[in-house]
Structure formats: structure tokens, C-alpha cells
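Understanding the architecture of this molecule
Each chain, written out:
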Amino acid sequence: MKKEKKGVGRREFLGNSIKATLGTALAVNFPTIVPASVFGKNAPSNMINVGSIGCGRISITHDMSGIARYAGARIMAVCDLDKNRANAGPAAVRANYTRAAAFNGGLKGDWDIKVYYDYKELLANKDIDAVHISLPDHQHAIVGVHAVNAGKDVYLQKPAALTIEEGRILSNAVKKAGRILQMGSQQRSIDPWPQFKKVCELVRNGRIGELKTVEVGLPGDPGGGNRAAMPVPASLDYDAWLGATPDVYYTEDRVHAQDFTMKGITSRPGWLRCEQFGAGMITGWGAHHIDIAHWGMGMEYSGPVEIWGKGSFPTDDPAYKGLWDVHGIFRTEALYANGVHMIVSNELPNGVKFIGTEGWLWTTRGNYRVTDSDPVADSSGIKPIDASNPKILQSVIGPNEVHLYESSEQHINWLDCVKSRKQPSAPVEVGHRSCSACLLHHIAMKVKRKIYWDPVNEVFKNNDKEATAMLSRPRRKKYDF
């Protein structure tokens, strides 16, 4: 089977109605800040050539759109294990470039865009300088390692890995290869959410006194999902999609919708709710908010030392007949070596609250509420930034105080760093540490008792064999690192 072909015309794969709604979705997802720096003239020889690995909802509506705003980069190849998605990839790329033309100097994606069905063949293309990896969680670390070993710089969707062991392998590989890897922790960038950096700087500079507690509010996932076995779609290489995880029969609610309309493209895929492929919201949203908590705490290269709590799982009910098995309602807690106490729960408002001896600071993305289909606008009036005393928010960070990394937009920062070879706003080790903290909370839910962690050596204390067994998972060799 031939695995590479020339770019495919939009009309062949997307109807006019889908094009219109796709364009609307891209417009809604566009941030508002023009990049501070560009690569120079738009000659192909000056371009960073990017490959898109994954052509699902996050890729089309977020990663492609961010990259398309950068005048010095062009997406020249797309790849997906589902041929329907891969074949529609060039049209999605061009739609993003057309939308971004006001930002990128007029680039419209009017170049040949190659289509791949095997990411390793894309990585073998010497003309590709960098890739963004927009795949299910269980593929992040393994494809990331293969990418940096192939000499590519990487933008990697969060969470960093499926397990703590895989995250360590990824971080070590990036360092050894000398590549630039940016995690998709876009709350660190001021476009479109400057409030996160502001709150973290205020906390780091003592505006609420000594930090004592951090509250992290995350959503939970519902049970459900159709367990009935189904024929594998002809368009999907399902065995490769499972990757290193165990072989298990196909059903659509375990993977992604085969409905290739706007509803199918943008709906939350079923794999997000299956523990075989991820840990649920504790890593799905936790990778964002715990990353911000670590940033404000000054602990982004460390982790907790004690973790405890509980969570409910649909499979706790013997009568449960659904497919999805990630956690639902939960409350977990952690203690850090600096004495800060963290509480993570779906019963808290979605966001991060820093509580100190002299007040508190709160931040979230804004007027959003989390539903089964991800964040949607909410008119309840929740503030994206708030404080116990309004004067705290008016405080100016002085020139000799702590100033955190400033990034305009996450994809733009990545491409700037690909050019400069400087570290990005969310480097791989930071992403690994925030992901590890999330996974430790997940392990605490599973063992139902307090666990003791050594963040320096990344091992459990007290010869805890039960918890240690959860640091890794068996992997099928043909899809391993």
C-alpha cells in the first residue's frame, strides 16, 4: 500500500457546509495577539517546514491554527492513522492558513502538502524540520521520542506521557538529542490568557504572604460508552492506533467518531475516557492547572512528597455496563517539601487558587464551564482573575523581583525557539513533572491510601511495591520506544 501521496483537494473530502463550519471554528479558536517576531521573508528556503502528526480536533482547531499564524513556518505534511482524517488534512491546513493570512503576511497554504498514514515515514522526510504531535495520550511519549531521535523539534500535546516511566524516557531523550520540545501547556502564554502568568508572578513575589495552600479545581468524566464490538473501519489502521497498549477489540466509543462532519471532528473522542489510553481528567485538565500551580509555587522541576485521597470509578459498581472507566468524582491532596498543601478535586471551581498568610489569588481561563464536550462559554460571571484584596492585583512587579518567562503564544514561542535554539516556555522536563504529579494523584486514587514519593530520584519510599508497579505499564514491543 502506497503511504504517501500528493495533497488532496478540499472538494474531494469536505463538503461546502463542512468547509463553512470548519472556517467558523477556526475563527473562534484564533487568539488575538500578532506575533512579536517573524522569520523574515516568506521564501521557502527561509521556512521552518512542519509536519502535522494527527489530524483530529485538537490538531485542526488548535495546533494547525497556532502554527499557521507564524510567517516563518509552513505545514508541508500531514499524517493520521485514519485515512479519512489524513486525506482531509491538507484542506484543514489551507483553511487555517487562509484564516491566519492577516497574521502571517499572507501565507495561504498554496503549496504541495504531502499526506502520510505512518508517522515514521513522515519523520524520515529530511525536508521536515519540526513536527507537532496531536495524538491520544498513550502515543505522546513514544512518538515524541521517535521524533527527536529523527532530528525533529517537537510541539507535543499534553500530558507528556501515559506513565511516569515513559515521561522520564521522553525527557531524557529530548535532552540527549538536543532538540527543542514545547509542551502544549498554553496557559503559560499570555495569548490568550495573561492572567495565569500575572497570578503566578504575584504569588512568587510574596503578594499574599507565605504560600500555604493551593486549590486546584478539575472536572470529572462521566461513565457510559457503547461496549459492543464493531468491525474496524476500512480507513483506520487500528492495530497501530492501539500502539504499545494491549490488543483489544474495536468499538467506536473506544477511539474517535467516524462521523466526519463538524460534530464528529470537534466532539470529545471516547479514548479520553478509557484508562487504557489515559488517566482521565486528572491528566486531561490536571496537566494544565497543576502546571500553573507548580509555576506559582516555584516547584515546576520537582513534585509532591506525600499524596493521598480518593476517587470514584464507574467500574466500582458491579452492575456497570458501560465502556468508559476513568475516574469520576474525586478529591486528592498532596504535600510538597516546601510545606505547601495542594488539594485537587472536581468539587472545587475549575481553576487554581493560591492561599497565603496574607490573602489569596485565583485564576482560571474565564467564563467557561466544562461539559462532556469540553469548555463552553458560561454567562455565570466567573472572574478569570481575582484576589482577596483588589489592591493585590494592582501591585507592580519591580525590576529586581521575580519575572517569569514571557511567551506571546505557545506555538509562536515554540517556533521562535526552533529558530533561536533557546528553551521554550514549557520545556519537556516541566511537562514531565506536571504530568508526574497528576499521575501520582491518580495512583493515590487507586491504592486508596497515602503514598510517599521521592521527587529527586522519582521512586516511592518505604519499598512500596504496589505503588511502584503503577509507575509503568507493559508495552507491545512492535510499537515501543
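The paragraphs below set out a description of the structure included in this document.

Rules used throughout
- Numbers given for residues are sequential positions, taken from 1 along each chain in its written order.
- Under the rules for a predicted model, residues below a pLDDT of 70 receive no local features and side-chain atom pairs below 80 are neither given nor counted, while totals for whole chains, interfaces and linings still include all residues.
- Just so you know, side-chain values use all the structure's heavy atoms and leave hydrogens and water out.
- Only DSSP runs of H or I with at least four residues qualify as helices, and only runs of E with at least two residues qualify as strands; both kinds are numbered from the N terminus onward.
- The criterion used for residue contact is that any of the two residues' heavy atoms lie within 4.5 Å.
- Accessibility throughout is a Shrake-Rupley quantity obtained with a 1.4 Å probe, and a residue counts as covered only by protein chains that appear here.
- A helix is expected to reach a length of 1.5 Å times the quantity of its residues less one.
- Any two strands with at least two DSSP-identified bridges between them are counted as paired.
- Lines fitted to C-alpha atoms define the axes, with helix axes restricted to the stretch in contact, and inter-axis angles between N-to-C directions lie between 0 and 180 degrees.
- For each structure, a 1 Å grid was placed over the protein atoms alone; sets of points admitting a 1.4 Å probe that cannot get out are labelled cavities, open sets with protein on both sides within 12 Å along at least five of seven lines are labelled pockets, and lining residues have an atom within 4 Å of a point.
- Grid points are joined across faces, edges and corners, and a volume is the space filled by probe spheres set on the points.
- Lys, Arg, Asp and Glu make up the charged group, whereas Ala, Val, Leu, Ile, Met, Phe, Trp, Tyr, Cys and Pro make up the nonpolar group; the residues left over, Gly among them, are polar.
- Only protein chains enter the accessibility calculation, which uses a 1.4 Å probe. A residue is then buried if its area is under 20% of the maximum for its type, exposed if over 50%, and partly exposed in between.
- Each polar contact in these results corresponds to two N or O atoms within 3.5 Å; when the atoms are within protein, one needs to be able to donate a hydrogen and the other to accept it, and residues that are neighboring in sequence are counted only if both atoms are side-chain atoms.
- For this document, the term salt bridge refers to a Lys or Arg side-chain nitrogen within 4 Å of an Asp or Glu carboxyl oxygen.
- Aromatic rings from Phe, Tyr and Trp, with only the six-membered ring used for Trp, were paired whenever their centres fell within 6.5 Å, and each pair was classed as stacked if the ring planes differed by under 30 degrees, edge-to-face if by over 60, and tilted otherwise.
- A ring is scored as having a charge over it whenever the NZ atom of a lysine or the CZ atom of an arginine sits within 6 Å of its centre and within 35 degrees of its normal.

Glancing now at the overall build of the protein chain. Looking only at helices and strands, the protein chain features 17 helices and 18 strands. Considering only residue pairs separated by 6 or more positions, the protein chain has 75% of its internal contacts joining residues 24 or more positions apart. In the form shown here, the protein chain has an accessible surface area of approximately 19100 Å², with 52% of it arising from carbon and sulfur atoms.

Time to look at helix α8 (residues 164–177). When the terminal C-alpha atoms of α8 are compared, their 20 Å separation across 14 residues agrees well with the 20 Å that a helix rising 1.5 Å per residue should span. Where α8 terminates, the next one or two residues include Gly178, which has phi positive at roughly 70°.

So, on to the sheet that holds strand β11 (residues 341–345). Ordered in space as β16-β13-β12-β8-β11-β10-β9-β17-β18, the 9 strands form an open sheet in which the pairing is mixed. Lying at the two open borders of the sheet, with one neighbouring strand each, are β16 (385–387) and β18 (459–460). Note that strand β8 (residues 211–217) and strand β12 (residues 351–356) share 6 bridges and pair antiparallel. What sits directly across from Glu215, in β12, is Lys353. On top of the sheet, helix α13 (residues 286–297) reaches β8, β11 and β12; it is set at about 25° to β12, its chief contact.

In this section: the layout of surface pockets. Estimates place the volume of the second largest pocket at around 190 Å³. Lining the second largest pocket are Leu162, Thr163, Ile164, Glu275, Leu439, His442, Ile443, Lys446, Met470, Ser472 and Arg473. Here the lining of the second largest pocket gets 4 residues from one element, more than from any other, and that element is helix α16 (residues 428–447). Across the lining of the second largest pocket, the residue classes break down as 5 nonpolar, 3 polar and 3 charged.

On to the side chain of His432, then. Relative to the helices and strands, His432 is located in helix α16. Taking relative accessible area as the criterion, His432 reaches 2% and is therefore assigned buried. Beyond its immediate sequence surroundings of up to four residues, His432 is in contact with Ala160, Ile164, Gly167, Arg168 and Glu458.

Over the atoms a probe the size of a water molecule is rolled, and this reveals where empty space is left. Tallied over the full model, the rule gives 1 cavity of 30 Å³ or more. What the largest cavity holds in volume is close to 30 Å³. Looking at the largest cavity, the residues that line it are Asp82, Asn84, Arg85, Ala257, Gln258 and Phe260. Of the residues in the lining of the largest cavity, the class split is 2 nonpolar, 2 polar and 2 charged.

Here we take up the side chain of Arg476. Take Arg476: it is sitting in the segment after α17 (465–468). Of note is the side chain of Arg476, whose polar atom sits 2.9 Å from the side chain of Asp239. In this structure Arg476 touches Asp239, Leu242, Gly243, Ala244, Thr245, Pro246 and Asp247, once residues within four positions along its chain are discounted.

Attention shifts here to the pattern of salt bridges. Enumeration according to the criterion identifies 25 salt bridges in this entry. Here Arg475 ties to Glu166 by a salt bridge, and the two come within 3.8 Å at their closest N and O atoms. You can see Arg475 sitting in the segment after α17 and its partner Glu166 sitting in helix α8, a full 309 residues away along the chain. Since its relative accessible area comes to 22%, Arg475 is described here as partly exposed. For the salt bridge of Glu458 with Arg433, the shortest nitrogen-to-oxygen distance reads 3.9 Å. On the criterion of sequence distance, the pair formed by Glu458 in the loop between β17 (451–454) and β18 and Arg433 in helix α16 is long-range, its members being 25 residues apart. Considered together, Glu458 and Arg433 belong to a single accessibility category, that of buried residues. Each of the salt bridges in this network shares a partner with another, and the network as a whole consists of Glu165, Glu166, Arg475 and Asp480.

Another aspect to go through is the packing of aromatic side chains. Counted by the stated rule, this structure contains 6 aromatic pairs. Taking the centre distance of 5.0 Å and the plane angle of 80° together, the rings of Tyr97 and Trp111 count as edge-to-face. Taken as a pair, Tyr97 in helix α4 (residues 83–99) and Trp111 in the loop between α5 (101–104) and β4 (114–116) lie far apart in primary sequence, 14 residues in all. Of the two residues examined, Tyr97 and Trp111, each falls in the buried class. Judged by centre distance (6.3 Å) and plane angle (15°), the rings of Tyr238 and Trp241 are stacked. Taken together, the residues span about one helical turn, with Tyr238 and Trp241 both in helix α10 (residues 238–242) at a distance of 3 residues. Across this residue pair, the class does not change: Tyr238 and Trp241 are buried. Each residue in the set Tyr238, Trp241, Tyr250 and Phe277 is aromatic and connected to the rest through ring pairs, giving one cluster. Across from the ring centre of Phe103, 4.7 Å away, lies the NZ or CZ of Arg69, which sits over that ring.

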